[in-house]
Amino acid sequence: MNHTRTMLKGTLILTLSGFLTKIIGFLYRIFLSQTIGSTGMGIYQLIFPIHALCFALTVGGIQTAISRLVAAKFAKKEDSDARAVFLIATSFSTLLSILVTFFLFHYADWFAIHILFEPQCTSLLKVSSLSIPMGTFHSCVNGYYFARKKTLLPALSQLIEQTARVAASYLLWLVWSQEGHAITPMLAVFGLFFGEFISMLFALFITIMDFHSSTQPVLKIIKPFRQLKEILAFSTPLTCNRLLVNLLHSIESILIPGHLCLFGMTQQTALSVYGVLNGMALPLILFPCAITNAVSVMLLPSVAEHQALGNYDNIRLCIQKTICYCLILGFLFTFGFFFLADFLGLFLFKNELASTFIRTLSFICPCLYLSSTLSGILNGLGQTGPYFFQNMTGLSIRLLFVFFVIPTHGIIGYLWGLLLSELITTFLTLFFLHLFLKGKCL
């Protein structure tokens, strides 16, 4: 009962903060769509595949390793080792992020011209690269507190980051407007940098206060290299998985505007369509993920604890409840987005194309919400291989549609690929979880 109450409390806190963050984010995207325009949104969205690759390398696997290993050690009453895992993993991840930042900043022009095919992204990449160490440290701290089920601190950190990002962008817009400067996508990148900076300071403050109040010795870490080996043994496969998945996702994002040009669009129109899809329609479809992401974050350490203690019946119960509630949520939002697509697209973004995208994408809601939550259970069980395979399969399907369907059917061909990939990914996740539990019951 105590465990269930903790789960519900943590999920509620993360859900509320997630909703508030997404509401602020929506208002922010509406603000950006009206200040930098759909083409500017498209250029801004182009830098995120590179940004995501950097985070996948520096913290993608390590944050999950922190959550899983710390949760398992606390379950076994090994509190000192749990803190050691956090300190060693965070130090390693932050050092790696500094090296990645230096590399990306130095070669930003090469990435912009030869990878993104958009020279305007050079300055955007340079500024965004400076936020990578801040975001890395912030993510590691979140992973530690998720493992301890202290969700209030990561939730506050998330809200602070989003609020600081919006406030910085708005103030910069006021200054640039008064001084007559052109409003470019750099506005959003400066907001990104400032948001990560403020959230890093907050994460550093709460960590220092927490460790200072602890009776455990902070600097006395026994056999740090053995601890690092344990961390890397779990995080390296997951990092490689996420790198490959993010690489394919980056290729997909970069190729979409070019293949829309093959369909007959101009470069500016293609960037505009891409901006509407990724900057307006998809964030709206992902809005309910505030709930499923919260559940997923809470399930990962909980499942790791149950696995460490051998409570597989509880794991099976978690999966059954997840399937039931995510499907109900998904079908409700499918109907809502489908019938309210015109109102949402025109009222929120004043863009008719956004309405079309919202209506089409509404059908992915049940699979999208279910697969994202079940993936948290897979990671909590340490099933990095199946997690990698399902993501690779889904992205490969989408890439095939980018290469062969977009040039003949336009952006609607990509939407078909999204629908098919989410359906197959969901069935694969269910299949792998069934195999895992069946093996444990034999």
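Conventions used here
Residues numbered from 1 in each chain as written. Predicted model: local features only at pLDDT ≥ 70, side-chain atom pairs only at ≥ 80, totals over all residues. Heavy atoms only, no water. Helix = DSSP H or I, 4+ residues; strand = E, 2+ residues; numbered from the N terminus. Rg over C-alpha atoms; globule rule 2.2 N^0.38 Å. Contact = heavy atoms within 4.5 Å. Areas by Shrake-Rupley, 256 points an atom, 1.4 Å probe, with all protein chains shown as cover. Axes fitted to C-alpha atoms, helices over the stretch in contact; angles between N-to-C directions. Parallel < 35°, antiparallel > 145°, perpendicular 65-115°, else oblique. Left-handed = near helix turned anticlockwise from the far one by under 90°. Nonpolar A, V, L, I, M, F, W, Y, C, P; charged D, E, K, R; others polar. Phe/Tyr/Trp six-rings, centres within 6.5 Å; stacked < 30°, edge-to-face > 60°. Buried < 20%, exposed > 50% of the residue type's maximum accessible area, 1.4 Å probe, protein only. Lys NZ or Arg CZ within 6 Å of the ring centre and 35° of its normal. 1 Å grid on protein atoms, 1.4 Å probe; cavity = no way out; pocket = protein on both sides within 12 Å on 5 of 7 lines; lining within 4 Å. Points joined across faces, edges and corners; volume = space filled by probe spheres on them. Core = buried A, V, L, I, M, F, W, Y, C linked by side-chain atoms within 4.5 Å. Salt bridge = Lys/Arg side-chain N within 4 Å of Asp/Glu carboxyl O. Disulfide = S-S within 2.5 Å. pLDDT = per-residue confidence, 0-100.

Time to look at the overall build of the protein chain. The helix and strand inventory of the protein chain stands at 18 helices and zero strands. In summary, the protein chain has a C-alpha radius of gyration of 22 Å against a globular reference of 22 Å for 442 residues, a match within 12%. Here the C-alpha coordinates of the protein chain stretch approximately 60 × 50 × 35 Å along the principal axes. Taking as baseline every contact in the protein chain between residues at least 6 positions apart, the subset at least 24 positions apart corresponds to 83%. For the protein chain, the accessible area works out to roughly 19,500 Å², and carbon and sulfur atoms hold 71% of it.

Let us now look at the packing of helix H4 (residues 79-106) against helix H6 (residues 121-129). The N-to-C vectors of H4 and H6 enclose an angle of 165 degrees; their axes lie 8 Å apart at closest approach. By the angle between their directions, the pair H4 and H6 is classed as roughly antiparallel. Crossing of H4 against H6: the hand is left-handed. Contact with H4, carried on its side by Thr 101, Leu 104 and Phe 105, involves Leu 125, Lys 126 and Ser 129 of H6 and no other residues of that element. Partitioned by chemical class, the residues of the contact of H4 with H6 number three nonpolar, two polar and one charged.

Counting through the fold element by element, His 259 comes out in helix H10 (residues 224-263). Those residues within four positions of His 259 in sequence are excluded, and the remaining contacts are Val 402, Phe 403, Ile 406 and Pro 407.

This part covers the packing of aromatic side chains. The full count for this structure, using the stated rule, is 18 aromatic pairs. Residues Phe 333 and Tyr 369 carry aromatic rings whose centres are separated by 6.3 Å and whose planes lie at 90 degrees to one another, so their mutual orientation is edge-to-face. Placement of Phe 333 in helix H13 (residues 312-348) and of Tyr 369 in helix H15 (residues 365-380) is noted, with a sequence separation of 36 residues between them. Judged by centre distance (5.2 Å) and plane angle (85 degrees), the ring pair of Phe 338 and Phe 339 falls under edge-to-face. The partly exposed category is assigned to Phe 338, whose relative accessible area is 28%. Each member of the aromatic cluster is reached from another via a ring pair, and the members are Tyr 28, Phe 31, Tyr 170 and Trp 173. The aromatic ring of Phe 338 is capped on one face by Arg 359, whose charged end is 5.7 Å from the ring centroid.

Here Ala 281 lies in helix H11 (residues 267-285). Judged by its relative accessible area of 0%, Ala 281 falls in the buried class. In the structure, Ala 281 is positioned 26 residues away from Gln 307 in sequence and 38 Å away in space, judged by C-alpha atoms. Contact partners of Ala 281, with chain neighbours within four places excluded, come to Val 276, Ala 354, Phe 357, Ile 358 and Leu 361.

Turning our eyes to something else, we now look at the layout of surface pockets. Of the voids in this model, the second largest pocket is the one considered here, and its volume is about 340 Å³. Lining the second largest pocket are 16 residues; nearest its centre among them are Ile 50, Leu 53, Cys 54, Phe 111 and Leu 247. Breaking the lining of the second largest pocket down by element, the ones donating at least two residues are helix H3 (48-75), H4, helix H5 (108-115) and H10. Take the lining of the second largest pocket: its biggest share by element is six residues, from H10.

What follows is about the nonpolar core. If you look at the biggest cluster of nonpolar residues, it comprises 114 residues, and the most contacted ones within it are Leu 32, Leu 361 and Tyr 414. Those residues in contact with Tyr 414 that sit more than four places away from it in its chain are Glu 252, Ile 256, Leu 277, Arg 398, Val 402 and Ile 406.

With that out of the way, let us pick up the pattern of salt bridges. Tallied over the full model, the rule gives four salt bridges. The partner of Arg 148 in a salt bridge is Asp 210, and the shortest N-O contact between them spans 2.8 Å. Taken as a pair, Arg 148 in the loop between helix H7 (132-147) and helix H8 (152-179) and Asp 210 in helix H9 (residues 186-213) lie far apart in primary sequence, 62 residues in all. Residue Asp 210 is classed as buried on the basis of its relative accessible area of 12%. Across the pair Asp 342 and Arg 359 runs a salt bridge whose closest N-O atoms are separated by 3.3 Å. Of the two residues, Asp 342 sits in helix H13 while Arg 359 sits in helix H14 (residues 352-361), which places them 17 residues apart along the sequence.

For the structure shown, the criterion picks out zero disulfides. Cys 54 carries a free sulfur, and the closest cysteine sulfur to it, the one in Cys 121, is 14 Å from it. Taking relative accessible area as the criterion, Cys 54 reaches 9% and is therefore assigned buried.

Note that Ser 131 resides in the loop between H6 and H7. Ser 131 gets classed as buried once you look at its relative accessible area, which sits at 0%. Spatially, the C-alpha atoms of Ser 131 and Phe 190 are 9.7 Å apart, while their sequence positions differ by 59 residues. Apart from the residues lying within four places of it in its own chain, the contact partners of Ser 131 are His 51, Phe 55, Leu 192, Phe 193 and Glu 196.

Turning our attention to helix H2 (residues 37-46). In terms of burial, H2 is largely enclosed, as eight of its ten residues are buried. Among the residues making up H2, those that are buried are Ser 38, Gly 40, Met 41, Gly 42, Ile 43, Tyr 44, Gln 45 and Leu 46.

Residues at a pLDDT of 70 or more form 93% of the protein chain, whose mean pLDDT is 83. For the protein chain, the element scoring lowest by mean pLDDT is helix H12 (residues 289-309), at 72; helix H17 (residues 406-409) scores highest, at 92.

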